[in-house]
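# Commentary on secondary and tertiary structure
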Amino acid sequence: MSSIKIAGATVNQTPLDWSGNLKRIIQAIEEAKKQDVEILCLPELAITGYGSEDLFLSYWYPKKAIAQLELLLPHCQGITVAVGLPVRIQDKVYNCVAVIEDGFLKGFVAKQFMAIDGVHYEFRWFTPWQANEVVELEFQNQQVPFGDLTFYHKDVHYGFEICEDAWRGKLRPGYRLCERKVDLIFNPSASHFAMGKTQLRKELLEESSSIFDCYYCYANLLGNEAGRMIFDGEILLAKSGKLISRNKLLSFQDFQVKSFYLESTTQDLAAINSKNEEFVQASALALFDYMRKSRSTGFVLSLSGGADSSSIAILVAEMVKRGIDELGLETFCEKAGIKNIPTSSNPEKELMKQILTTAYQGTKNSSDETFSSAETLAQSIGATFYHWEIDEEVKSYTAKIEKAIGRKLTWEKDDITLQNIQARTRSPIIWMLANINNALLLSTSNRSEGDVGYATMDGDTSGSISPIAAVDKYFILNWLSWAEKNLERPGLAKVNSLQPTAELRPLERTQTDEKDLMPYAIIVEIEKLAIRDRRSPLDIYLILSEELKLEPDTLKGYIKKFFQLWSRNQWKRERLAPSFHLDEFNVDPKTWYRFPILSGGFAEELAQLDQL
């Protein structure tokens, strides 16, 4: 077999950005030609973007994708290019890869298995193709093969598994490709980012290249394409059970091309980052893409001085820092739509003043420590910082309702009401600031709060986007300690010295989050089993009673509280601002976990705990 040069390419696409999507594909092809690449593999659905949702169901959308493919042909002279797009045949839509050789379409390979778990709902849009089936499809007045195909380039025999195809064990197309004696399998993918997932892909490629005795090349989409899912742009090559090439993930570039020779030697193998580093890089890129694709000028954040809002402030700061480092100042500003390019000696802080506006909204229940924490952090990263009190507005609302109902509100009788009015009073004015700035309001809810509804609707949940809603509070607390040292963010020192608290009750009541709920570390263990693994309350008790050193009644109490609050607060999760999918699971009913708004609340299942 010839030692030819092949490449994987990743592109940062956007649904309905037809000219932009085509431009980035063409740029990737031109770069591949410069690197003397003979076969280039672009990601799944690269022409349209994976996140096109119900647009795939329309008749005109796949038809336009075919028209874009026709525009691509002249740019494929002297190279073979594989590119993903939807193809409609009568009333069915197929998820396909078009193979273009020297400017001519050689055929379409159709995906055989649909991703239907977690954040993926492909069966809603696409029909799986049958193994070994090939038909003919008219393209530019000629018949081209369509279906389960393989191809030759010189003496290299190659085929495709499209994303989910590779994750179906003994049913996967790779086994049939092996029987056809292919030398090379390409996997064009739209595989969502999750912390730690790259290790799973590494294992998949190493196993695949060993079992099928071939080279295995993987190319994934890049960036925050459509709002929630993030793609990491991973490009991999494996042979004989060994990963031999890997690119650096989560780039701020529009595209990347990673080329390699079909030789069983290590070729530029990037390291796998820690979960903490993956979190900040993915979040930074997702925020950058969300900001520029929504045509917003920046972000507004109600900065309380606590862990959640402070972590988001750091993520925005890292977005600016990493974007400038990779793209350069002028390109970063151009992509972000920033007209006033900094000229000072510290462009990063100058940009932060433009991009991130923060406000500390204090009450008589707020402490000097949280104010100092918020102010110090904002100053350390260069964000604009405002400070005002909302007691007058809270007092006005409270007086009106007291007059209406004919009695005074008290903490003994009206605890939740008096807490919530403070959180809700903060919302209108911070929204005003976002409107004035034409900026995105950042919501500060985390996944642990989403689990148990420990959030005020139209209060701290207010926002255009909720960057950390898919990660748990225990992770956030540990990540902040890591970030202070490893990201050199000394402004986090005061944040990390504080115990998490909503500061909605009078200070003498010493309110803390964990006192209101349970230890965050316990919430994480329960939610993993309940939500990720879909275990019953009884199963969870039996498992955790072996793993945690807790009194039986205490553990039962925590489990009951979790499931009761979970069931009661589904309506809140339905209304949370869009969030990034960052971890192995999330609680967003629009992407990962659906649950009835009204239910029996696990009453019988929780009663079983009392029988133990």
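About the thresholds
Residues numbered from 1 in each chain as written. Predicted model: local features only at pLDDT ≥ 70, side-chain atom pairs only at ≥ 80, totals over all residues. Heavy atoms only, no water. Buried < 20%, exposed > 50% of the residue type's maximum accessible area, 1.4 Å probe, protein only. Helix = DSSP H or I, 4+ residues; strand = E, 2+ residues; numbered from the N terminus. Arc of directions from axis to C-beta. Contact = heavy atoms within 4.5 Å. Disulfide = S-S within 2.5 Å. Axes fitted to C-alpha atoms, helices over the stretch in contact; angles between N-to-C directions. Parallel < 35°, antiparallel > 145°, perpendicular 65-115°, else oblique. Left-handed = near helix turned anticlockwise from the far one by under 90°. Nonpolar A, V, L, I, M, F, W, Y, C, P; charged D, E, K, R; others polar. Pairing = 2+ DSSP bridges. Right-handed = clockwise from strand over helix to strand, strands pointing away. Expected span 1.5 Å × (residues − 1). Polar contact = N/O pair within 3.5 Å; in protein donor to acceptor, adjacent residues only side chain to side chain.

Turning to helix α8 (residues 347–355), its buried residues are Leu351, Met352 and Ile355. Buried residues of α8 fall within an arc of 105 degrees about the axis and therefore sit on the same side. Against α5 (275–293), β17 (299–302), α6 (307–327), α7 (329–336), β18 (356–362) and α9 (368–381) lie the buried residues of α8.

Moving on, we get to the environment of methionine 518. Looking at the element boundaries, methionine 518 is found in the loop between α15 (513–516) and α16 (520–532). Residue classification places methionine 518 among the buried positions, given a relative accessible area of 2%. On a C-alpha basis, the gap between methionine 518 and glycine 241 in space is 45 Å, while along the polypeptide they are 277 residues apart. Look past the residues within four positions of methionine 518 in its chain and what remains in contact with it is Ile523, Ile526, Tyr558, Lys561 and Phe562.

Quick look at the state of the cysteines now. Tallied over the entire structure, the rule returns 0 disulfides. Of the cysteine sulfurs around cysteine 76, a residue in no disulfide, the closest is that of cysteine 41, at 13 Å. You can call cysteine 76 buried: its relative accessible area is 0%. You can see cysteine 163 has no disulfide; the closest cysteine sulfur is in cysteine 41, sitting 11 Å from it. Judged by relative accessible area, cysteine 163 falls into the buried class, the value being 8%.

This brings us to the packing of α16 against helix α18 (residues 552–568). Between two packed helices, both the angle of their axes relative to each other and the distance between the axes serve to describe the pair. The geometry of α16 relative to α18 is characterised by a closest axis approach of 11 Å and an angle of 60 degrees between their N-to-C directions. On the basis of their axis angle, the class for α16 and α18 is oblique. Relative to α18, α16 is oriented so that their crossing is right-handed. Between α16 and α18, the contacting residues are Ile522, Ile523, Ile526, Glu527, Ala530 and Ile531 on the first element and Tyr558, Ile559, Phe562, Phe563 and Trp566 on the second. Residues belonging to the contact of α16 with α18 are distributed by class as follows: 10 nonpolar, no polar and 1 charged.

Moving on, we come to the sheet that holds strand β16 (residues 255–261). If you trace the 8 strands from one edge of the open sheet to the other, you get β6-β7-β5-β4-β3-β2-β1-β16, paired in mixed fashion. Of all the strands in the sheet, just β6 (134–139) and β16 have a single pairing partner and so form its edges. For this sheet, the mean inter-axis angle between neighbouring strands, taken without regard to orientation, is 30 degrees. In the sheet, β6 pairs with strand β7 (residues 142–147) via 6 bridges, with the strands oriented antiparallel. The partner of leucine 137 across the bridge, within β7, is valine 144. Packed onto the sheet, helix α1 (residues 18–34) meets β1 (5–11), β2 (39–41), β3 (80–89) and β16 and runs at close to 30 degrees relative to β16.

With that settled, the discussion passes to the pairing of strand β19 (residues 384–389). Relative to β19, β18 runs parallel, the two sharing 6 bridges. By the bridge assignment, glycine 362 is partnered in β19 with glutamate 389. Once the chain exits β18 it traverses α9 before rejoining the sheet at β19, and the crossover so formed is right-handed.

Looking now at the sheet that holds β18. Note: strands within a sheet are paired through backbone hydrogen bonds, in either parallel or antiparallel orientation. Read from one edge of the open sheet, 4 strands run β19-β18-β17-β20, paired in parallel fashion. Every other strand in the sheet has two partners, leaving β19 and β20 (440–442) as the edge strands with one partner each. Neighbouring strand axes in the sheet, compared pairwise and without regard to direction, differ in orientation by 25 degrees on average.

Here helix α10 (residues 391–405) contains 15 residues, and its C-alpha end-to-end distance of 21 Å stays within 8% of the 21 Å for a straight helix at 1.5 Å per residue. All of the buried residues in α10 are Val394, Thr398 and Glu402. Buried residues in α10, looked at end-on, bunch into an arc of 60 degrees, giving them a common side. Along α10, exposed side chains directed more than 90 degrees from the buried face belong to Glu392, Lys400, Lys403 and Ala404. Considering only its buried residues, α10 is in contact with α11 (415–437).

A few words now on the environment of arginine 575. Within the secondary structure layout, arginine 575 lies in helix α19 (residues 570–575). Expressed as a C-alpha distance, the spacing of arginine 575 and glutamine 564, which sit 11 residues apart in the sequence, is 19 Å. Not counting chain neighbours up to four residues away, the residues in contact with arginine 575 comprise Met457 and Asp458. Within the structure, the side chain of arginine 575 is placed 2.8 Å from the side chain of aspartate 458, a separation counted as a polar contact.

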